[in-house]
Amino acid sequence: MVPPSIVSTGEVGSLHELSVVIEVVRTVEEFARENGVTRIDKLVLQIGELSSMIPQYIEDCFPCAVDGTSMVDTKLEIEILPGNGRCRSCGAMFNLVANKGICPECGVKDAEVISGKEFMIKEIVAC
Ligand SMILES: [Zn+2]
């Protein structure tokens, strides 16, 4: 029998996301407590296309992270922010993910990241 590998990329990714989601849940619960909110209906997160967070993993581990907390019934909504960059050669703005980092105007692969590395709590909706 071969023991299951714990260093497969999928596992590492999930563990990384899980610890981040647990941290988010802790932050939101604290915020709710400070504001006298007892139940949170919805949590909205913004995740940039270029962030190291994978939205699917976040969704997958959310039920796990809220288990046993006051947020067990909280709905999770994720907004994806586009990964935009500006070409250092011609100044054009374009989506880095869709264009694989290559400027559609001049074909140079040298862009400065403008947005898309975000990972933040956008909104907390109380019941
Ligand atoms: Zn360009």
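Scroll up for the structure.
Draft legend 1. View of the sheet that holds strand β1 (residues 40–48). Strand order in the open sheet formed by three strands is β2-β1-β6, with mixed pairing between adjacent strands. Bordering the open sheet on either side are β2 (75–81) and β6 (119–126), each of which pairs with just one other strand. Ignoring which end each strand starts from, the neighbouring axes of this sheet average 20 degrees apart. With seven bridges joining them, β1 and β6 adopt antiparallel strand pairing. Bridge pairing links leucine 43 to isoleucine 124 in β6. Contacts from helix α2 (residues 55–66) reach β1 and β2, with the element oriented near 170 degrees to β2.

Draft legend 2. Broad picture of the sheet that holds strand β4 (residues 93–95). Strands sit in the order β4-β3-β5 across an open sheet of three strands; the sheet is antiparallel. Two strands lie at the open edges of the sheet, namely β4 and β5 (111–115), each paired on one side alone. Sheet twist, expressed as the mean angle between neighbouring strand axes with direction ignored, is 40 degrees. Two elements, strand β3 (residues 84–87) and β4, share three bridges in a ladder whose sense is antiparallel. Looking at the pairing, asparagine 84 lines up with asparagine 95 of β4.

Draft legend 3. View of unusual backbone geometry. The phi torsion at lysine 100 lies on the positive side, around 55 degrees, for a residue other than glycine. Tracing the backbone through its elements, the reader meets lysine 100 in the loop between β4 and β5. C-beta crowding within 10 Å serves as the criterion here: with 8 such atoms nearby, lysine 100 is assigned to the exposed category.

The rules behind these values
Residues numbered from 1 in each chain as written. Predicted model: local features only at pLDDT ≥ 70, side-chain atom pairs only at ≥ 80, totals over all residues. Pairing = 2+ DSSP bridges. Helix = DSSP H or I, 4+ residues; strand = E, 2+ residues; numbered from the N terminus. Axes fitted to C-alpha atoms, helices over the stretch in contact; angles between N-to-C directions. Contact = placed C-beta atoms within 7 Å. Buried ≥ 20, exposed ≤ 12 C-beta atoms within 10 Å, placed from the backbone.

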